[in-house]
Amino acid sequence: MHRRHLIQAASAASLGWLTSRAHAQADTTLRLVVPYAPGGSSDRAARLVADKLGPKLGQTVVVENRTGAGGRLAAQQLKNAPASQNVLMLANPAIMVVAPLVFKDNGYDADKDFQPVSQVSDYEFGLAVAQAVPVKQLSHLLAWLRANPAQANFGVPATGSLPHFFALMTAEKADVKGQVVGYRGSGPLITDLIGGQVPVAFDTLDTLLPQHEGGKLRILASSGAQRSSFAKDIPTYRESGLDLVATGWNAFFAPAAMPREQVQRLSAAIRDVMNDPDTRRRFADAKMTPVASTAAQTAAMLKAYRAQWAPVVRKSGYQP
């Protein structure tokens, strides 16, 4: 069976998963679908929200991990959810920005098939070097790479990931030619960086921080507009002389069929949860920056994010 038919069959089966529970449980249970496996940052964020959202709404809130096709399968399922289904998806830029640009048959329209509900977190990226690399500042690294072009290999946790495109952003802004080296996850990337197999790595800041704090690698710069509250010793790109700001995010989206008043009710409840001091503390403990936003603010954030990242993705010529 062709891959496209397999995906269609899986989507049809998953639609049954959505609709079979819709009639009996739509009014009593809110399902928060996470398109990734348990244990990642998206899963942690969803579960932190669920803990407080249930009591806020006075109903059961459950998190369900629906993996497959890099998150696209869950998005296809959400697209087909009927109006009676009480379900949201916690999405990130890979699903809402990158996939629509690089897949010819994505299976969903990121604008028409979903409604923004509320952003709940954002995160920075970090640029790190192996201990053997003889630099301690971003400006020194750029000069070193220009003088040693054979060393301009940029490790990223996966090709097509946000750190991949952030590496390309950095190279273009700094006028440095480099080769992106994709890994199968952050673990192998960090292992090779520590071991000196790759001299430079780009990943999310929270992923790199434990090894930076342990003295096994050096983060030279972070990508936020201000220094991260989790890493006040690490300068931003701007402080380091490179005018570049880039972040990632997690946000809830509803199917287009969900009534607008229900979207607004859920948005207000999630916003209240994200303004709760205990929730904010728990997000900070997980090294995620909490965000409380309206549906309109989330839509505006997504529009601005696309304007920043779409040219980079298109220019890269990346094909899955």
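Residues numbered from 1 in each chain as written. Predicted model: local features only at pLDDT ≥ 70, side-chain atom pairs only at ≥ 80, totals over all residues. Heavy atoms only, no water.

Visitor: Help me understand the overall build of the protein chain, please; the structure alone is not making it clear to me.
Guide: Of regular secondary structure, the protein chain possesses eleven helices and ten strands. Taking 2.2 N^0.38 as the reference for a compact globule, 320 residues should give roughly 20 Å; the C-alpha atoms of the protein chain span a radius of gyration of 20 Å, in line with that estimate. Here the protein chain holds 320 residues, and the buried ones make up 52% of them. Taking the 34 positively charged and 24 negatively charged side chains of the protein chain as two groups, their mean positions are separated by 4 Å. (Helix = DSSP H or I, 4+ residues; strand = E, 2+ residues; numbered from the N terminus. Rg over C-alpha atoms; globule rule 2.2 N^0.38 Å. Buried < 20%, exposed > 50% of the residue type's maximum accessible area, 1.4 Å probe, protein only. Lys, Arg positive; Asp, Glu negative; His and termini not counted. Charge placed at Lys NZ, Arg CZ, Asp CG, Glu CD.)

Visitor: What should I look at first to understand the environment of arginine 66 in this one?
Guide: In this structure, arginine 66 sits in the loop between strand 2 (60-65) and helix 3 (72-79). Residue arginine 66 is classed as partly exposed on the basis of its relative accessible area of 24%. Residues arginine 66 and proline 35 lie 31 residues apart in sequence; the distance between their C-alpha atoms is 5.0 Å.

Visitor: What am I meant to see in the packing of aromatic side chains here?
Guide: Any two aromatic rings considered together are summarised by their centre-to-centre distance and by the angle between their planes. Under the definition given, this model contains eleven aromatic pairs. For the ring pair phenylalanine 125 and tryptophan 309, a centre distance of 5.9 Å and an interplane angle of 55° mean the geometry is tilted. Separated by 184 residues along the polypeptide, phenylalanine 125 in strand 4 (residues 114-130) and tryptophan 309 in helix 11 (residues 295-316) bring together distant segments of the chain. (Phe/Tyr/Trp six-rings, centres within 6.5 Å; stacked < 30°, edge-to-face > 60°.)

Visitor: Quick question: what am I supposed to make of the layout of surface pockets here?
Guide: One simple way to see leftover space: roll a probe sized like a water molecule over the atoms. As a volume, the largest pocket reaches approximately 940 Å³. For the lining of the largest pocket, the elements supplying multiple residues, two or more each, are helix 2 (41-57), helix 4 (93-102), strand 4, helix 6 (162-174), strand 7 (200-204) and helix 8 (205-213). The greatest single-element share of the lining of the largest pocket, amounting to four residues, is contributed by helix 4. (1 Å grid on protein atoms, 1.4 Å probe; cavity = no way out; pocket = protein on both sides within 12 Å on 5 of 7 lines; lining within 4 Å. Points joined across faces, edges and corners; volume = space filled by probe spheres on them.)

Visitor: Whenever I open this one, unusual backbone geometry confuses me. Can you help?
Guide: Of all residues except glycine, most have a negative phi; of all peptide bonds, most are trans. Located in the positive-phi region is alanine 69, a residue other than glycine, with phi close to 55°. Within the secondary structure layout, alanine 69 lies in the loop between strand 2 and helix 3. A relative accessible area of 32% places alanine 69 in the partly exposed class. Notably, lysine 287 is not glycine yet its phi reads approximately 60°, a positive angle. Along the chain, the position of lysine 287 falls in the loop between helix 10 (277-285) and strand 10 (289-290). We classify lysine 287 as partly exposed; its relative accessible area is 29%.

Visitor: Got a minute to help me understand the packing of helix 6 against helix 11 in this structure?
Guide: In a packed pair of helices, the relevant descriptors are the angle between the two axes and the axis-to-axis distance. With their axes 10 Å apart at the nearest point, helix 6 and helix 11 run at an angle of 85° to one another. In terms of orientation, helix 6 lies roughly perpendicular with respect to helix 11. For the pair formed by helix 6 and helix 11, the contact residues are Leu162, Phe165, Phe166, Leu168, Met169 and Glu172 on the first element and Tyr305, Gln308, Trp309, Val312, Val313, Lys315 and Ser316 on the second. Counted by class, the contact of helix 6 with helix 11 contains nine nonpolar, two polar and two charged residues. (Axes fitted to C-alpha atoms, helices over the stretch in contact; angles between N-to-C directions. Parallel < 35°, antiparallel > 145°, perpendicular 65-115°, else oblique. Contact = heavy atoms within 4.5 Å. Nonpolar A, V, L, I, M, F, W, Y, C, P; charged D, E, K, R; others polar.)

Visitor: Where do I start with empty space enclosed by the protein in this structure?
Guide: Under the counting rule described, the total for this entry stands at three cavities of 30 Å³ or more. Looking at the largest cavity, its volume works out to about 50 Å³. Looking at the largest cavity, the residues that line it are Leu127, Leu141, Leu142, Leu145, Phe154, Ala167, Thr170, Ala171, Ala174, Val176, Val200 and Phe202. Among the residues making up the lining of the largest cavity, the classes are represented as eleven nonpolar, one polar and no charged.

Visitor: Where do I start with the pattern of salt bridges in this structure?
Guide: Pairs can form between side chains of opposite charge once their charged atoms are near each other. By the definition in use, this model includes eleven salt bridges. For aspartate 276, the salt bridge is made with lysine 52, and the minimal N-O distance between the two is 2.8 Å. Here aspartate 276, found in the loop between helix 9 (260-275) and helix 10, pairs with lysine 52, found in helix 2; they are 224 residues apart in sequence, far enough to count as distant. Judged by relative accessible area, aspartate 276 falls into the partly exposed class, the value being 26%. Looking at lysine 52, the relative accessible area reads 25%, which means it is partly exposed. Two residues, aspartate 243 and arginine 238, come together in a salt bridge whose shortest N-O distance is 2.9 Å. Here aspartate 243 falls in the partly exposed class, since its relative accessible area comes to 49%. (Salt bridge = Lys/Arg side-chain N within 4 Å of Asp/Glu carboxyl O.)

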